[in-house]
Amino acid sequence: MTALSTKPTDMETSSIDTKSIESKYKMIAENVTVSYDGIDAVKNVTMKFKEKSVTALIGPSGCGKTTFLRCLNRMHDMTKNAKVTGKVMIDDIDLYSKDIDPIYHRRKVGMVFQKPNPFPTMSIFDNVTAGLRLNGVRDKRILDEIVEDSLKMAYLWDEVKNDLKKSAIELSGGQQQRLCIARALAIQPEVLLMDEPASALDPIATQKIEETITELKKDYAIIIVTHNMQQAIRVSDYTGFMYLGDLIEFRETKKLFTDPKDELTAKYVQGHFG
Amino acid sequence: MNSIQNRRQEYRSLFKQNVAKRLLVDKIVRIIVFSCVIIAIIPLGSILVEVFKNGITAISIEFLTETPGSAGSGEGGIGPAIQGTLIIIGLSSLIGVPIGVMSGIFLSEYGDNKLARSVRFFNDVFMEFPSIILGIFAFLIIVLVLGHFSVWAGAFALSLIMFPIVARTTEESLKMVPITYREAGTALGLTKWIITFRIIISAAKSGMITGILLSVSRIGGETAPLIMTILGSSQFFSSMDTPMDALPLRIWRLSLLPYDSAQLQGWGAALVLIIIILGINLGVRYYFSNKKNLFFGKLIKQRRNTIK
Amino acid sequence: MTRLIDPSLHKLSFIMSEMGDMVIESISLAIDSYLTGTNTKDKVLELSDSIRTKYYEVEDLTFDMLLKYQPVADDFRLIRSSTEISYAFSRFGRYAYDITLVRDLFGDVSECTNASLVESTKKVKHMIKEAVLSFAELDIRKAIEIREDEKFIDKIYRERLPKLIESTNTRCALAEALLLRYLERIGDHAVFMSDAINYIVTGKHRPSEERIASHTKTD
């Protein structure tokens with residue numbers, strides 16, 4: 001497990017640090033606004049996410065962080081009355097552009113939810129391959145390979161490799177969540193979205209999830225919504241603080257938590273509200 | 001600190017008095033609830049006992065397989081009625097279940113609009129329709145138009161009874177599946193219909209089957225619509241365009257005859273009908289259950305695995 | 001809204017302010033004992049020991065807060081700097097005691113006093129007062145004065161030492177050398193302390209490091 005990074009960059013003067021150093025941006029969300037029935041839940045937020053990094057989104061309940069996260073893979077298409085404007089670019093393709101097939105591109109972004117939700121009537125194997133089988137992938141050899149790969153990346157392979165036909169709901173909470181991570185990874189995404197992935201789990205399971213995230217960041221851009229600030233400090237490279245729909249501050253994690261530029265950020269992280 | 005202790009003493013003395021009374025009330029309510037249950041069960045139980053008692057003597061191979069003899073002779077059996085009931089239930093299900101399930105899916109998954117609300121409303125109204133009216137409807141539409149009683153008409157009438165029940169229960173079962181599974185499916189890049197048919201339905205299986213079995217049990221005993229559509233007969237099934245017999249019809253006819261032997265046969269038919277309905281229920285439940293420890297469950301699973 | 005960490009933070013600031021007062025007192029007493037010949041060794045020793053005890057208290061308290069509350073932002077910087085500052089305080093107490101030992105060892109050296117010594121000791125007293133006040137009020141403007149004082153003390157130190165080597169009065173020379181050495185060390189720690197205070201307020205680390213490195217080279 002890595003300790004806090006100590007990169008000394010003193011270049012920020014504003015609360016939003018969007019200067020890139022070397023690595024490029026995997027995903028860029030530009031001027032994203034989400035409104036429900038005329039009320040803005042996310043107000044004109046712009047964020048850039050580097051490849052092979054973890055970005056944490058923090059903020060009090062109702063600040064819009066989950067709503068924003070769900071824009072990144074167009075989950076709001078499912079929600080009635082939700083209006084989303086702005087751009088979400090993965091490698092220069094705007095997910096919200098009218099010319100592209102949202103379902104195809106949605107697969108570039110995997111998502112893990114707050115409460116583990118493996119499909120209840122399927123086995124472990126079937127769960128991991130759900131995104132592939134149900135899309136027509138039949139080759140057993142490929143499925144076997146992908147199952148092993150994904151479960152290994154999610155740190156679950158050793159625990160379940162002997163009984164992949166077991167029903168998914170017989171696993172413990174932490175295992176189920178790692179299964180969901182494996183299921184998301186199986187469709188070969190490039191970005192992984194996690195909505196408070198450990199909040200429903202006990203501390204040991206949480207630790208395993210955090211270790212998994214730290215390993216995964218070597219290959220994926222990960223964006224994680226969390227209400228646990230210590231978790232954000234432990235796993236993330238960048239942190240964005242949102243409040244009432246606005247992005248208040250976005251910086252390297254260590255900087256944001258040791259020397260926040262915005263008064264509101266300082267108040268929130270020190271527990272004065274929220 | 002003393003004041004807290006004083007307060008505690010004060011409150012505690014209150015508790016003591018109430019507890020005994022509350023336990024007594026608790027007991028009384030329990031007794032009342034149990035008695036209600038017993039009161040409700042007794043008639044049902046006694047019906048089963050009566051039917052069994054009266055009908056068991058009528059059962060024999062001949063009874064179950066032969067055509068009815070002449071009225072009052074005490075000979076013959078209810079073979080055609082049994083066959084007819086099975087056929088009519090099967091046919092009606094073939095029509096009513098798919099339509100009902102599809103409507104249920106529409107109402108649950110695509111149903112957040114005005115059209116769905118109207119459909120739902122009419123569905124609920126429809127469910128309460130007296131079955132004789134549905135029978136008359138089928139009579140008017142099919143029997144009169146074609147000019148004869150037929151199995152088509154009967155299946156049609158019964159499917160009309162089935163389909164609202166199936167639609168409603170399917171919708172409710174699907175709605176009970178937490179939305180998070182649909183979200184997970186969407187996040188995996190699956191289309192809505194794949195999510196609905198390959199994931200949500202299997203999760204809602206048990207509720208849907210209950211609904212289907214409910215409707216099957218319902219139509220198994222319907223008499224009025226059958227009178228107007230398949231009429232009844234003393235012969236085994238011949239073709240879809242002719243009248244056919246069914247157990248409710250046979251029971252009704254037998255019960256109207258003044259002969260003791262006919263009465264006995266009526267009881268026997270009633271017993272057979274109950275057994276058939278029970279059998280369908282238990283059998284289907286069993287087949288679709290997820291019990292792994294039961295022997296037959298394991299057997300079925302092993303066979304499936306070897307086939308794979 | 002009182003947070004869980006607030007009572008501990010109050011306790012920390014109370015202990016630190018006590019230490020600050022003791023530091024001012026002990027250094028004043030020590031310097032006066034050198035300049036005027038009074039024997040204040042026992043009193044200063046007592047103060048120095050108290051400061052040391054409080055230093056351990058602060059260590060325990062800050063690590064306890066880290067363990068329990070995982071503080072961030074201002075709280076974090078305050079706690080981090082408090083460990084550095086309380087260490088500086090313990091050093092001040094120790095040097096104060098060392099100075100009284102000089103007077104003790106060498107006897108009354110009040111006649112060895114000269115103008116530059118008087119100036120440096122005045123600066124040290126001023127510097128310490130400013131440092132403690134700067135921490136109490138988190139006022140980083142005082143840092144400039146503190147650094148000016150420290151530069152002066154350094155200058156005197158560098159000027160006087162070669163002269164002391166030539167001096168004929170070994171007793172005075174040695175006593176003065178020792179004193180200047182301790183004053184120079186006090187000065188350094190005062191600057192580290194002002195850096196730590198700067199970190200609390202601005203979040204920037206150790207701005208003086210480069211400066212000290214540079215002016216020991218160029219001079």
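Residues numbered from 1 in each chain as written. Chains lettered and ligands numbered in written order. Predicted model: local features only at pLDDT ≥ 70, side-chain atom pairs only at ≥ 80, totals over all residues.

Engineer: So what's going on with the arrangement of the chains? Residues and values would help.
Structural biologist: Where the two pairs of chains in contact are concerned, the greatest contact count is recorded for chains A and B. If you take every C-alpha in chain B and every C-alpha in chain C, the smallest gap between them is 24 Å, and the two do not touch. (Contact = placed C-beta atoms within 7 Å.)

Engineer: Give a detailed account of the confidence of the model for chain C, specifying residues and quantitative values.
Structural biologist: When pLDDT is low, close inspection of the predicted coordinates is not appropriate. Summarising the model, chain C shows a mean pLDDT of 88, and 95% of its residues fall at 70 or more. Within chain C, the lowest mean pLDDT, 54, falls on helix 7 (residues 208-218) of chain C, and the highest, 95, falls on helix 2 (residues 41-69) of chain C. (pLDDT = per-residue confidence, 0-100. Helix = DSSP H or I, 4+ residues; strand = E, 2+ residues; numbered from the N terminus.)

Engineer: Tell me about helix 10 (residues 247-256) of chain B, and please be specific about residues and values.
Structural biologist: Because an α-helix packs 3.6 residues into every turn, residues spaced three or four apart end up facing the same way. Taken together, the buried positions of helix 10 of chain B are Leu247, Pro248, Leu249, Arg250, Ile251 and Leu254 of chain B. Tucked into the core, helix 10 of chain B has its buried residues touching helix 3 (79-109), helix 9 (224-229) and helix 11 (260-288) of chain B. (Buried ≥ 20, exposed ≤ 12 C-beta atoms within 10 Å, placed from the backbone.)

Engineer: Run through the sheet that holds strand 9 (residues 238-243) of chain A, naming residues and quoting values.
Structural biologist: Residues and elements named next belong to chain A. Read across the sheet, six strands follow the order 6-7-8-3-9-10 without closing on themselves; strand pairing throughout is mixed. At either margin of the open sheet sits one strand with a lone partner, and together these are strand 6 (109-112) and strand 10 (246-252). Going across the sheet, the axis of each strand differs from the next one's by a mean of 15°, ignoring polarity. (Pairing = 2+ DSSP bridges. Axes fitted to C-alpha atoms, helices over the stretch in contact; angles between N-to-C directions.)

Engineer: Quick rundown of the pairing of strand 9 of chain A? Include the residues and the values.
Structural biologist: All names here are of chain A. With respect to burial, strand 9 is a largely interior element, six of its six residues being buried. The side-chain alternation of strand 9 yields two buried faces, one formed by Tyr238, Gly240 and Met242 and the other by Thr239, Phe241 and Tyr243. Taking the residues between adjacent antiparallel strands as the criterion, strand 9 and strand 10 are bridged by two residues, where Leu244 takes a positive phi near 50°.

Engineer: Residue-level account of the nonpolar core, with values.
Structural biologist: Ranked by internal contacts, the top residues of the largest apolar core, which has 196 residues, are Ala182 and Ile222 of chain A. Among all residues touching Ala182 of chain A, those that are not within four sequence positions of it are Val128, Ser150, Leu151, Met153, Ala154 and Leu156 of chain A. (Core = buried A, V, L, I, M, F, W, Y, C linked by C-beta atoms within 7 Å.)

Engineer: Could you give an account of the interface of chain B and chain A, with specific residues and numbers?
Structural biologist: With 16 residues of chain B in contact, the opposing surface of chain A contributes 20 residues. Going through the elements one at a time, helix 7 (179-187) and helix 8 (192-220) of chain B are the ones with two or more residues in the side of chain B that touches chain A.

Engineer: So what's going on with the environment of Val216 of chain B? Residues and values would help.
Structural biologist: All names here are of chain B. As for its position among the elements, Val216 is in helix 8. You can call Val216 buried: it has 23 C-beta atoms within 10 Å. Sequence separation between Val216 and Leu158 is 58 residues; the distance between their C-alpha atoms is 9.4 Å.

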